[in-house]
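The residues making up each chain are set out below.
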Amino acid sequence: MHTPFDFKDAGDRTVYVKAVAVADLPKEVQESAGGREQLYAVHDAEGGQLALVADRQLAFVLARQNDMTPVAVH
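One structure accompanies this document, and this report is about it. (Residues numbered from 1 in each chain as written. Predicted model: local features only at pLDDT ≥ 70, side-chain atom pairs only at ≥ 80, totals over all residues. Heavy atoms only, no water.)

Looking at helix 2 (residues 56-65)
In an α-helix there are 3.6 residues to a turn, and that puts residues three or four apart on one side.
Moving on, step 1. For helix 2, the set of buried residues is Ala59, Phe60 and Ala63. Burial along helix 2 is one-sided: seen end-on, the buried residues are contained in an arc of 95°. Facing away from the buried side of helix 2 by more than 90 degrees, the exposed set consists of Gln57 and Gln65.
Moving on, step 2. Packing partners of the buried residues in helix 2 comprise strand 1 (14-21), strand 2 (38-43), strand 3 (49-53) and strand 4 (69-72).
Moving on, step 3. Downstream of helix 2 by one or two residues, Asp67 has phi in the positive range, about 55°. (Buried < 20%, exposed > 50% of the residue type's maximum accessible area, 1.4 Å probe, protein only. Helix = DSSP H or I, 4+ residues; strand = E, 2+ residues; numbered from the N terminus. Arc of directions from axis to C-beta. Contact = heavy atoms within 4.5 Å.)

Structural notes on the environment of Met68
Moving on, step 1. With respect to the element layout, Met68 can be found in the loop between helix 2 and strand 4.
Moving on, step 2. Take Met68: its relative accessible area is 5%, and that puts it in the buried class.
Moving on, step 3. As for Met68 and Thr14, which are separated by 54 residues in sequence, their C-alpha atoms are 5.6 Å apart.

A closer look at the environment of Ala19
Moving on, step 1. Positionally, Ala19 belongs in strand 1.
Moving on, step 2. Residues Ala19 and His74 lie 55 residues apart in sequence; the distance between their C-alpha atoms is 8.0 Å.
Moving on, step 3. Those residues within four positions of Ala19 in sequence are excluded, and the remaining contacts are Gln38, Leu39 and Tyr40.

Some remarks on the pairing of strand 1
Moving on, step 1. For strand 1 and strand 4, the ladder comprises 4 bridges, and the chain directions are parallel. Bridge pairing links Val15 to Pro70 in strand 4.
Moving on, step 2. With 6 bridges connecting them, strand 1 and strand 2 associate as antiparallel partners. From the neighbouring strand, Ala19 faces strand 2, where its bridge partner is Tyr40. (Pairing = 2+ DSSP bridges.)

What to know about the sheet that holds strand 3
Moving on, step 1. On the basis of which strands lie adjacent, the open sheet formed by 4 strands has the order 3-2-1-4 and mixed pairing. Where the open sheet ends on each side, the last strands, each with one partner, are strand 3 and strand 4. Each neighbouring strand pair of the sheet contributes to a mean axis angle of 30°, computed without reference to strand direction.
Moving on, step 2. Judged from the 4 bridges that link them, strand 2 and strand 3 form a sheet pairing that is antiparallel. Counted as the bridge partner of His43 is Gln49 from strand 3. (Axes fitted to C-alpha atoms, helices over the stretch in contact; angles between N-to-C directions.)

Let's talk about a nonpolar patch on the surface
Moving on, step 1. Judged by side-chain polarity, Tyr16, Val71 and Val73 come together as a nonpolar surface patch covering roughly 200 Å² of accessible area.
Moving on, step 2. As for its position among the elements, Tyr16 is in strand 1.
Moving on, step 3. Among the residues examined, Tyr16 registers a relative accessible area of 30% and is labelled partly exposed. (Patch = residues over 30% accessible without salt bridge, like charges linked within 9 Å, V, L, I, M, F, W, Y side chains within 5 Å. Areas by Shrake-Rupley, 256 points an atom, 1.4 Å probe, with all protein chains shown as cover. Salt bridge = Lys/Arg side-chain N within 4 Å of Asp/Glu carboxyl O.)

These figures capture arrangement, not role.
Here it is as structure tokens:
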């Protein structure tokens, strides 16, 4: 959950934010989820995960702080 990603190197500036069930994540991520049942993933246009954060608002703030345009995935 704490792997750094250099957002400046990303080509397409659109990112996708989606909810992820903690139960579907690897065991080590589940253990560091702080008892949450859901986290939010930020993905690039090719589907690569760029970040995994505690809440939706943080995912959108993270994207905007890195000059990216976040779009919600339902």
